[in-house]
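Architecture and fold: a report
Listed below, chain by chain, are the residues.
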Amino acid sequence: MSLMPTMIDLLARARVDLRMGLPVVLTAPDSAVLALAVEPLDSARLNSVRALGPVSLTVTARRAETLKARIYDDDIARIELPSDAQLDWVQAIADPSDDLKTPMKGPLRSHRDGDVALHRLAIALVKSARLLPAAVICPVAHPAQFAKSHGLTVLPLAAANPLLMESSPLHPVAAARLPMDAAEAGRLHIYRPEDGAEEHYAIEIGKPDRNAPVLARLHSACFTGDVLGSLKCDCGPQLRAALAQMGTEGSGVLLYLNQEGRGIGLANKMRAYSLQDQGFDTVEANHRLGFEDDERDFRLGSAILKQLGFSSVRLLTNNPNKISMMEKTGISVAERVPLRVGETDFNRGYLATKAAKSGHLF
């Protein structure tokens, strides 16, 4: 028996470290870097890192496009940190909140030589920590010794990268009867991922036949819409309408996946809302922050359905990406059931953007 942390444990630890502003050490066979998330970075740590050697700022290609920085590495850009750059400059590169007020951030010089695998790993880690996707990177020598002397988490690229690309296995934690407005015959199942991330839920209505396509909904958590009744989206009405239809038909499964803001987290979602107030649509706001249109992992829903014993669904959705992901992961979609509810004067543009740029069907 070993009490040593596994790579999954170390990834979870690294996410917490990054959120706290601590660096992590990322290693490859012939190189190693110190990586810090920009969002919680403070001046003292920035100065400490700069004392170690040359420092660069890694951002996603989406953010680099906004900054007009050259992109030599496809999906990321490595921006040289000027010798006189202070913390406010670094954070302004990562955070688009003042882009319209001070659009000229440069001139910015992008690096174009060398292996970028560790820089990509840093961005993937920061994204998984639900932080702004930007990292300060500094090469380090003797990484094991360096990490031990500073008490830092070490992540080898070969072991960490595959785990970040996969969905963490989900395990059932608890389930109990839950009478609801939509149906008295309700049951709530809780699933916990191995990587320490947010738990996900399955709401089972009635006793669905495991041998027939089940009426199902993949619903991503939306605190503002589901809880506060926000008029900026149609999430709350969709949640209630899906449960109501399942109650009317007598059976169904709603998967409530904790992937707020299309997978970028509530804080970044509020940043996107602030950018929308400046005139950008949903997709443009995500891109300016450095994210893709949609960062969610619908494989989680497929995994829960399989654990519950379902192999075929009648999917309540307007999103064709959910259908294709179900099919790719072994869940047959017998029927797409449209869910047209919740349009308001406040979200009409949002819905139009989903149709025009994300392919949603209305």
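The name an unreviewed UniProt entry gives the protein is GTP cyclohydrolase-2, with Phaeobacter porticola as the organism. As recorded by UniProt, the Function (unreviewed entry) comment attached to the protein reads in full: "Catalyzes the conversion of GTP to 2,5-diamino-6-ribosylamino-4(3H)-pyrimidinone 5'-phosphate (DARP), formate and pyrophosphate."

Here we come to the layout of surface pockets. Its volume calculated, the second largest pocket comes out at about 200 Å³. Lining of the second largest pocket is provided by Thr-66, Leu-67, Lys-68, Asp-99, Leu-100, Pro-103, Met-104, Lys-105, Gly-106, Pro-107, Leu-108 and Arg-288. Taken together, the residues of the lining of the second largest pocket sort by class into six nonpolar, two polar and four charged.

The next subject is the packing of aromatic side chains. The full count for this structure, using the stated rule, is one aromatic pair. When the centroid spacing of 6.1 Å and the interplanar angle of 15° are considered together, the rings of Tyr-201 and Tyr-256 count as stacked. A residue pair is termed long-range when its members are at least 10 positions apart, and Tyr-201 in strand 9 (residues 200-205) and Tyr-256 in strand 11 (residues 252-257) qualify at 55 residues. Across from the ring centre of Tyr-273, 4.6 Å away, lies the NZ or CZ of Lys-232, which sits over that ring.

What follows deals with a nonpolar patch on the surface. Nonpolar side chains collect at one region of the surface, where Phe-223, Val-227, Leu-228, Leu-266 and Met-270 lie side by side and expose about 450 Å² of accessible area between them. Elements represented by at least two residues in the nonpolar patch include exactly helix 8 (223-227) and helix 11 (266-277). Note on placement: Val-227 falls in helix 8. Taking relative accessible area as the criterion, Val-227 reaches 57% and is therefore assigned exposed.

The next thing to look at is the UniProt feature "active site" (unreviewed entry) in the protein. The UniProt feature table records "active site" (unreviewed entry) at Asp-294 and Arg-296. Its location among the elements puts Asp-294 in the loop between helix 12 (282-289) and helix 13 (299-307). Since its relative accessible area comes to 27%, Asp-294 is described here as partly exposed. Inspection of the secondary structure puts Arg-296 in the loop between helix 12 and helix 13. For Arg-296, a relative accessible area of 18% gives the class buried. Excluding its chain neighbours within four sequence positions, the residues that come into contact with Arg-296 are Ser-220, Gln-259, Arg-262, Gly-263 and Asn-319. Side chain to side chain, Arg-296 and Ser-220 meet in a polar contact 3.0 Å long.

Scoring rules and cut-offs
Residues numbered from 1 in each chain as written. Predicted model: local features only at pLDDT ≥ 70, side-chain atom pairs only at ≥ 80, totals over all residues. Heavy atoms only, no water. UniProt positions renumbered as here; feature names shortened; annotations may be inferred. 1 Å grid on protein atoms, 1.4 Å probe; cavity = no way out; pocket = protein on both sides within 12 Å on 5 of 7 lines; lining within 4 Å. Points joined across faces, edges and corners; volume = space filled by probe spheres on them. Nonpolar A, V, L, I, M, F, W, Y, C, P; charged D, E, K, R; others polar. Phe/Tyr/Trp six-rings, centres within 6.5 Å; stacked < 30°, edge-to-face > 60°. Helix = DSSP H or I, 4+ residues; strand = E, 2+ residues; numbered from the N terminus. Lys NZ or Arg CZ within 6 Å of the ring centre and 35° of its normal. Patch = residues over 30% accessible without salt bridge, like charges linked within 9 Å, V, L, I, M, F, W, Y side chains within 5 Å. Areas by Shrake-Rupley, 256 points an atom, 1.4 Å probe, with all protein chains shown as cover. Salt bridge = Lys/Arg side-chain N within 4 Å of Asp/Glu carboxyl O. Buried < 20%, exposed > 50% of the residue type's maximum accessible area, 1.4 Å probe, protein only. Contact = heavy atoms within 4.5 Å. Polar contact = N/O pair within 3.5 Å; in protein donor to acceptor, adjacent residues only side chain to side chain.

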